[in-house]
Amino acid sequence: MTNSYNDMQNSKVAMYIGSNAAEAHPVSLLHMLHAKENGCKMIVVDPRFTRTAAKADEYVRIRSGSDIAFLFGLLHIIFKNGWEDKKYINDRVFGMDKVKEEVLAKWTPDKVEEVCGVGAEQLLKVATWLHENRPGTIVWCMGQTQHTIGNAIVRASCILQLALGNVGKSGGGTNIFRGHDNVQGATDVGPNPDSLPGYYGIVEGSWKHFAKAWGVDFEWLKGRFANPGMMSKPGITVSRWIDGVLEKNELIDQENNLKGVFFWGHAPNSQSRGLEMKRAMDKLDLLVVVDPYPSATAAMAAMPGKPEDANSNRAVYLLPAATQFETSGSCTASNRSIQWREKVIDPLWESRSDHMIMYQLAEKLGFGKELVKNYKMQKVKGMDEPMIEDILREINKSVWTIGYTGQSPERLKAHMRNMHLFDVKTLKSKGGKDKETGYDFGGDYFGLPWPCWGTPELKHPGSPNLYDTSKHVMDGGGNFRANFGVEREGKNLLAEDGSHSLGADITTGYPELDHVLLKKLGWWDELTDAEKPLAEGKNWKTDSSGGMIRVFMQNHGCHPFGNAKARAVVWNFPDPIPQHREPLYGTRPDLMEKYPAHADKKAFWRLPTLYKTVQDKNIADKVHEKFPLIMTSGRLVEYEGGGEETRSNPWLAELQQDMFVEINPKAASDRGIRNGEQVWVSSPTGARIKVMAMVTPRVGVDTVFLPFHYSGRWQGADMLGHYPNGAAPIVRGEAVNTATTYGYDSVTMMQETKTTVCNVERA
Ligand SMILES: Nc1nc2c(c(=O)[nH]1)N[C@H]1C(S)=C(S)[C@@H](COP(=O)(O)OP(=O)(O)OC[C@H]3O[C@@H](n4cnc5c(=O)[nH]c(N)nc54)[C@H](O)[C@@H]3O)O[C@H]1N2
Ligand SMILES: Nc1nc2c(c(=O)[nH]1)N[C@H]1C(S)=C(S)[C@@H](COP(=O)(O)OP(=O)(O)OC[C@H]3O[C@@H](n4cnc5c(=O)[nH]c(N)nc54)[C@H](O)[C@@H]3O)O[C@H]1N2
Ligand SMILES: [Mo]
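Right, let's walk through the structure included here. All values reported here derive from a predicted model rather than from experimental measurement. (Residues numbered from 1 in each chain as written. Chains lettered and ligands numbered in written order. Predicted model: local features only at pLDDT ≥ 70, side-chain atom pairs only at ≥ 80, totals over all residues. Heavy atoms only, no water.)

Regarding the side chain of aspartate 468
Mapped onto the fold, aspartate 468 is located in the loop between strand E15 (458-459) and strand E16 (487-488). Although aspartate 468 lies buried, it forms no salt bridge, and the closest oppositely charged side chain, lysine 471, sits 4.1 Å away as judged by the N-O distance. A polar side-chain atom of aspartate 468 sits 2.7 Å from a polar atom in the side chain of serine 470. Not counting the four nearest positions on each side in its chain, aspartate 468 is found in contact with Gly168, Gly477 and Gly478. (Helix = DSSP H or I, 4+ residues; strand = E, 2+ residues; numbered from the N terminus. Buried < 20%, exposed > 50% of the residue type's maximum accessible area, 1.4 Å probe, protein only. Lys, Arg positive; Asp, Glu negative; His and termini not counted. Salt bridge = Lys/Arg side-chain N within 4 Å of Asp/Glu carboxyl O. Polar contact = N/O pair within 3.5 Å; in protein donor to acceptor, adjacent residues only side chain to side chain. Contact = heavy atoms within 4.5 Å.)

Dropping the structure here:
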């Protein structure tokens, strides 16, 4: 997120579109309730009347997957009335003229209503609120992203905020609420199959940068790959591993199909296409679960499958992982602030911390020494475990891209001991020192939200709100990044003159920092003699001395990102201007004809990825007649993710005892279904899941909602007998993902779990 939950207290209007924060981020909602007390208007846009909607001043019901129509409908009104922030757009945004042209021509209120179901009057009301109440913020989460066009939906939201001049401002921003505890921190250190830690690409220069930081030889690293080409080829995403197993080998862009899978803190029932996942699991040679719980993976693997998929050589291992309470470490919050977490107890029973398991695996595979080169080891339960502090120090040493070099274990621990010295609304230190170490908090922001750069000579305070030009860069200010060059088709990509962060020596737009720029500016000699050789030939991301950043920020008030325009037109995306496209599985063939899906892709993260073919077949087969209900899914406050942990907790289990489907009273009565009865939910994959009906006007007549936290029942049957003895969760229920269909975002490969189709019948 660009800002923070806390900063939302400064918003005059907040539009939640695709977020049910009351259940998924309940603490954040406290900040919103404070904001409301100060007069902030709250709008919730969701296919369901959620608990968040219950707190809203205005609730807008849209059809799932139609957010672009709604967002661009708002923008149409804004442009028509001249409510856009013209100076901001001129100074800081690229391509808005193109968007304006298209939005004015395409997204008239009648078209908007046809696609998303929102009438002209309500649209005008929301647009007027956004216009009259600035700064305003937009919040979204999975409601926008789990679609084949998720990447375009989130961009439409950003474009709306840019048109209103709301980005880079306290009270504004695009506040994208993150998922798991520390999912931000996990993403930051490189689990994506196309990047190294800190979003460095998998290109040779970045590999070399990390080889140096890790203290290993680049050639040795290269030798770890089956062939050198693999080193720079984006891998298969977690959402598609089943296709890595099941797809014909000649159709995939790697030598072999996948043969082994580790479920390392990941549940099987959180992924779509459950029937095919079971087949893929059966075909594997190796299946490993690293988890505090055996999880549904163990039960699914033990459940008999199709005889033709069975692999008699398959090995399944369960490695008990310790929980967060049995280890320590840094943890990054949704707003990029980092906290330090203390260990409460040693790992119980046979369990070991994740990093101990990683080290022990590396030892067996013959690269244990290389893995822990930079780490001191400590004894835990008599075994060697890498020191977590040293792991963070290694990150501090190497991850310049997003400013992870300033959050040292010492600084973070001092922050944790002195939370009372920080302002809750601004996150800024009220001044003072840490009694234990004498550390002076100066102008630090709590948790040193990234980017935060540190070297012995540079103490950056963290960046509470991204791209904020009203602040000096040494007080967390910044500009839009110059990632994409300085010019595009003859148009300037850099910020216009006079638009720069407070007090900067360069008052025009400028490119990213590198050695050439620093020399051209005549600032090279401000590097120390020790820094110069390390910085020579480098840019700010690869200068391991940090000297270039120090000189640029501290001496001249400039930002290493450069000072550029945000892009409203993203020429390297499938749809440079976001386009509405109907889901692959929908109930509206008339709209599918008008707003067709993308063309298929031959090799997208090594796999063929289908769009149009699937959608066209669904139209031709009239799938919507057999499956006339839109099926969406999401969260309950009581349970987490795949839910094995939380459904094993007796107190939580008592609060949500049954898997259910929310269905509208009319849709239920048409099918002779009464509240609390058992029903079959069937989907085009052939799956049938048996759940309880919750008859409620929360959902519209065309839509049903199912929570995704359940597992332990499989198409009507209890899986209890397939769990290791005594390890089954208390509450078991059908997984919605047993029934979800094919469909993946055209940039991120996120599964299309917020929009598919189903039918519901009395059981
Ligand atoms: N208690 C609890 N909290 C959690 C989690 C948990 O499992 N349990 N999980 C965490 C994780 S990993 C994440 S990613 C977040 C997710 O947090 P959220 O995204 O807020 O949660 P969801 O319930 O998945 O989806 C939010 C809303 O999107 C709506 N929606 C569906 N389709 C559309 C659409 O097309 N457009 C719009 N505008 N809305 C739509 C749904 O009706 C739902 O109310 O929650 C985190 N917090
Ligand atoms: N239909 C549908 N499907 C969805 C979604 C949806 O809205 N609808 N949401 C999607 C989203 S946003 C997400 S993030 C995924 C979430 O799904 P998953 O990524 O599968 O997440 P969880 O089930 O929360 O956690 C997985 C496992 O981690 C284990 N675990 C907990 N702590 C530790 C630890 O310290 N170490 C180890 N090794 N393991 C640990 C837990 O016991 C659990 O079994 O689901 C996705 N699937
Ligand atoms: Mo998530």
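Re the sheet that holds strand E9 (residues 315-320)
Pairing between the strands of a sheet is mediated by backbone hydrogen bonds and can be parallel or antiparallel. Across the sheet, 3 strands lie side by side as E7-E8-E9; this open sheet has parallel pairing. Sheet topology places strand E7 (260-264) and E9 at the edges, where each strand pairs with a single neighbour. Between one strand axis and the next, the sheet turns through 10° on average, direction left out of account. Together, E7, strand E8 (286-291) and E9 form the strand contacts of helix H16 (residues 354-365), whose direction differs from that of E7 by roughly 155°. (Pairing = 2+ DSSP bridges. Axes fitted to C-alpha atoms, helices over the stretch in contact; angles between N-to-C directions.)

Focus on the site of ligand 2
In the region of ligand 2, 28 residues are neighbours, and His180, Ala267, Ser270, Asp291 and Gly642 sit closest. In isolation ligand 2 offers 920 Å² of accessible surface; the protein chains occlude 85% of this area. Elements supplying a minimum of two residues to the shell around ligand 2: E8 and strand E21 (629-634). (Near = heavy atom within 4 Å. Areas by Shrake-Rupley, 256 points an atom, 1.4 Å probe, with all protein chains shown as cover.)

Remarks on the site of ligand 1
Around ligand 1 lies a shell of 32 residues, among which Asp46, Gly65, Met142, Arg635 and Tyr639 are the nearest. Within the contact set of ligand 1, a nitrogen atom lies 3.3 Å away from a backbone nitrogen or oxygen of valine 45. At a separation of 2.8 Å, a nitrogen atom of ligand 1 approaches a polar side-chain atom of aspartate 67. Contact with the protein chains hides 95% of the accessible area of ligand 1, taken as 920 Å² for the molecule alone. Those elements that place two or more of their residues in the shell around ligand 1 are helix H1 (21-24), helix H8 (142-145) and E21. Grouping the constituent residues of the shell around ligand 1 by class yields 10 nonpolar, 15 polar and 7 charged. The residue makeup of the shell around ligand 1 includes at least three contributed by each of domain 1 (6-176) and domain 2 (589-762). (Nonpolar A, V, L, I, M, F, W, Y, C, P; charged D, E, K, R; others polar. Domains from an automatic or database assignment.)

Remarks on the pattern of salt bridges
Counted according to the given criterion, the structure contains 45 salt bridges. Between lysine 428 and aspartate 475 there is a salt bridge, with its nearest N and O atoms 2.7 Å apart. Placement of the pair is lysine 428 in the loop between helix H19 (409-417) and strand E14 (454-455) and aspartate 475 in the loop between E15 and E16, with a sequence separation of 47 residues. Residue class for lysine 428 comes out partly exposed when judged on its relative accessible area of 27%. For aspartate 475, a relative accessible area of 25% translates into the label partly exposed. Where lysine 519 meets glutamate 536, a salt bridge forms, and the shortest distance between an N and an O atom there is 2.8 Å. Linking lysine 519 in helix H20 (residues 515-520) with glutamate 536 in the loop between helix H21 (531-535) and helix H22 (547-555), this pair joins segments that are 17 residues apart in sequence. What makes lysine 519 partly exposed here is its relative accessible area of 33%. We classify glutamate 536 as partly exposed; its relative accessible area is 41%. Where salt bridges share partners, they join Arg240, Asp243, Arg273 and Glu276 into one cluster.

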